[in-house]
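Overview (structure and organization)
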Amino acid sequence: MEPVHPPAIHRNSMVSVDPKQSAASPVIEVVGLQKSYGSLTAVDGVSFEVQRGEIFGLIGPNGAGKTTTMECVEGHRRPDSGKIRVLGLDPVRQGRELQKRIGVQHQDAQLQKRIKVWEAVDLWASLYEAVMDTDLLLEQLGLTEKRNAWFMTLSGGQKQRLFIALALIHDPEIVFLDELTTGLDPQARRAIWSLVTGIRDRGKTVFLTTHLMEEAERLCDRVAIIEHGKLIEMDAPAALVTKHCPQRGVVFSSDTAGVREAVEGIEGLTELSAEGEVYTLLGTGDNFVSGVLDAISQNQIRVRDFRTEMPTLEDVFLKLTGHAIRD
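Worth saying up front: this structure is predicted, and the values here are computed from it rather than measured.

By the definition in use, this model includes 21 salt bridges. Note that glutamate 179 is salt-bridged to lysine 66, the shortest N-O span being 3.4 Å. With a gap of 113 residues between them, glutamate 179 in the loop between β6 (174–178) and α6 (186–201) and lysine 66 in helix α1 (residues 66–74) connect regions that are remote in the sequence. No difference in accessibility class separates glutamate 179 from lysine 66, as the two residues are buried. The residue glutamate 173 makes a salt bridge to arginine 101 at a minimum N-O spacing of 2.7 Å. With a gap of 72 residues between them, glutamate 173 in the loop between α5 (156–168) and β6 and arginine 101 in the loop between α2 (95–99) and β5 (102–105) connect regions that are remote in the sequence. Take glutamate 173: its relative accessible area is 10%, and that puts it in the buried class. Connected through shared salt-bridge partners, Asp255, Glu277, Arg302 and Arg304 make up one network.

Under the defined criterion, the tally for this structure stands at seven aromatic pairs. A centroid spacing of 5.5 Å and a plane angle of 35 degrees characterise the contact between phenylalanine 176 and phenylalanine 207, whose relative ring orientation is tilted. Residue phenylalanine 176 is located in strand β6, and its partner phenylalanine 207 is located in strand β7 (residues 205–210); the two are separated by 31 residues in the primary sequence. Each member of the pair, phenylalanine 176 as well as phenylalanine 207, is classed as buried. Among the aromatic residues, ring-to-ring pairing joins Phe48, Phe56, Phe176 and Phe207 into one connected group. Note that lysine 159 overlies the ring of phenylalanine 151, its terminal NZ or CZ placed 4.9 Å from the centroid.

Okay, the confidence of the model for the protein chain next. Averaged over all residues, the pLDDT of the protein chain is 89; the fraction at 70 or higher stands at 91%. Ignoring residues within four places in sequence, the model shows residues 1–20, a span with pLDDT below 50, making 54 contacts including any to other chains.

A surface patch of nonpolar side chains, amounting to about 220 Å² of accessible area, comprises Leu293, Val303 and Phe306. Summarising the element assignment, phenylalanine 306 is placed in strand β13 (residues 304–309).

Okay, the layout of surface pockets next. Of the pockets and cavities examined, the largest pocket occupies roughly 310 Å³. In terms of lining residues, the largest pocket is bounded by 17 residues, among which Val104, His106, Trp124, Tyr128 and Leu166 are the most central. Broken down by secondary-structure element, the contributors of at least two residues to the lining of the largest pocket are β5 and α5. At four residues, β5 tops the list of elements feeding residues into the lining of the largest pocket. Its residues assigned to classes, the lining of the largest pocket comprises ten nonpolar, seven polar and no charged.

Attention now moves to the sheet that holds strand β8 (residues 222–227). Ordered by their spatial adjacency, six strands build an open sheet running β5-β6-β7-β3-β8-β9, and the pairing between neighbours is mixed. Edge positions in the sheet fall to β5 and β9 (230–235), since each of these pairs with one other strand and no more. Across the sheet, the mean angle separating the axes of adjacent strands is 15 degrees when strand polarity is ignored. As paired strands, β5 and β6 are joined by four bridges and run parallel to one another. When the sheet's bridge partners are listed, glutamine 105 is paired in β6 with leucine 177. Running over the sheet, α1 touches β3 (55–59), β5, β6, β7 and β8 and is turned about 155 degrees from β6. The strands touched by helix α11 (residues 313–321) within the sheet are β3, β8 and β9, with β8 carrying the most contacts at an inclination of about 35 degrees.

Calculation criteria
Residues numbered from 1 in each chain as written. Predicted model: local features only at pLDDT ≥ 70, side-chain atom pairs only at ≥ 80, totals over all residues. Heavy atoms only, no water. Salt bridge = Lys/Arg side-chain N within 4 Å of Asp/Glu carboxyl O. Helix = DSSP H or I, 4+ residues; strand = E, 2+ residues; numbered from the N terminus. Buried < 20%, exposed > 50% of the residue type's maximum accessible area, 1.4 Å probe, protein only. Phe/Tyr/Trp six-rings, centres within 6.5 Å; stacked < 30°, edge-to-face > 60°. Lys NZ or Arg CZ within 6 Å of the ring centre and 35° of its normal. pLDDT = per-residue confidence, 0-100. Contact = heavy atoms within 4.5 Å. Patch = residues over 30% accessible without salt bridge, like charges linked within 9 Å, V, L, I, M, F, W, Y side chains within 5 Å. Areas by Shrake-Rupley, 256 points an atom, 1.4 Å probe, with all protein chains shown as cover. 1 Å grid on protein atoms, 1.4 Å probe; cavity = no way out; pocket = protein on both sides within 12 Å on 5 of 7 lines; lining within 4 Å. Points joined across faces, edges and corners; volume = space filled by probe spheres on them. Nonpolar A, V, L, I, M, F, W, Y, C, P; charged D, E, K, R; others polar. Pairing = 2+ DSSP bridges. Axes fitted to C-alpha atoms, helices over the stretch in contact; angles between N-to-C directions.

What follows is the structure in structure tokens.
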């Protein structure tokens with residue numbers, strides 16, 4: 001599947017922006033959001049802001065409260081308490097006005113099995129006063145050849161691209177994407193990632209949920225980690241990795257004598273272990289890896305199978321929660 005790009009803006013469909021919503025102010029504000037279902041607290045005092053033009057990810061395992069939080073922000077679910085503003089609007093009291101300015105793709109979205117692609121697009125287009133050029137939309141989402149296909153015949157990736165088309169059809173200012181690539185093969189997933197970054201590159205704001213740490217790391221400008229309904233950390237993925245998992249590793253094989261003595265003095269080294277001819281070095285600091293390389297070069301150490309092991313957002317989640325991400 002070739003990467004595809006979202007459609008160019010159809011000028012006739014532009015929505016006027018509230019002058020009170022300046023470019024510097026957040027487009028989404030959530031303060032103390034609380035939502036329970038009986039004795040189960042799904043969202044527990046969550047607060048965050050989303051800036052205009054960024055991809056913001058709410059990440060965590062299934063059942064952590066991501067979808068409930070998103071649905072409250074969209075106005076599709078009424079919170080028990082807390083304050084929410086989206087584009088300066090209250091999603092509950094001003095939901096009708098807000099729906100004209102946001103696009104939503106739901107995790108469990110489905111269409112009739114025998115509805116054709118063009119029929120679904122026309123149906124969604126009829127719900128709005130101003131829409132994008134639907135032929136162009138299908139073309140740039142790679143669905144032109146499938147316009148006469150029944151929904152039930154589409155692959156998983158094609159269905160997700162169709163749902164993106166439906167979310168974009170009225171050129172919204174904010175696009176909500178809930179677990180967009182769950183169940184897709186790696187090729188389809190990367191094609192969808194290209195679409196999402198393309199939406200952001202057009203100046204739109206993307207609010208997404210995912211339990212896939214690689215997806216969040218690849219796509220998001222900032223992420224908020226949620227677990228058991230509580231927001232436990234928020235920042236850019238790289239900043240979270242630097243803050244919570246600064247240690248990086250170097251693993252190499254060598255049959256040269258004196259390797260341990262040659263690398264023991266490397267700046268930032270915190271741990272050194274050897275198993276036969278395989279050496280594992282752990283350390284911190286921006287110069288740690290280059291220090292290993294310098295030691296290898298200066299001591300003329302013959303190296304095989306050299307690799308670095310960098311911490312990821314998955315490692316951050318493990319450190320913060322004490323367990324790996326769960327499905």
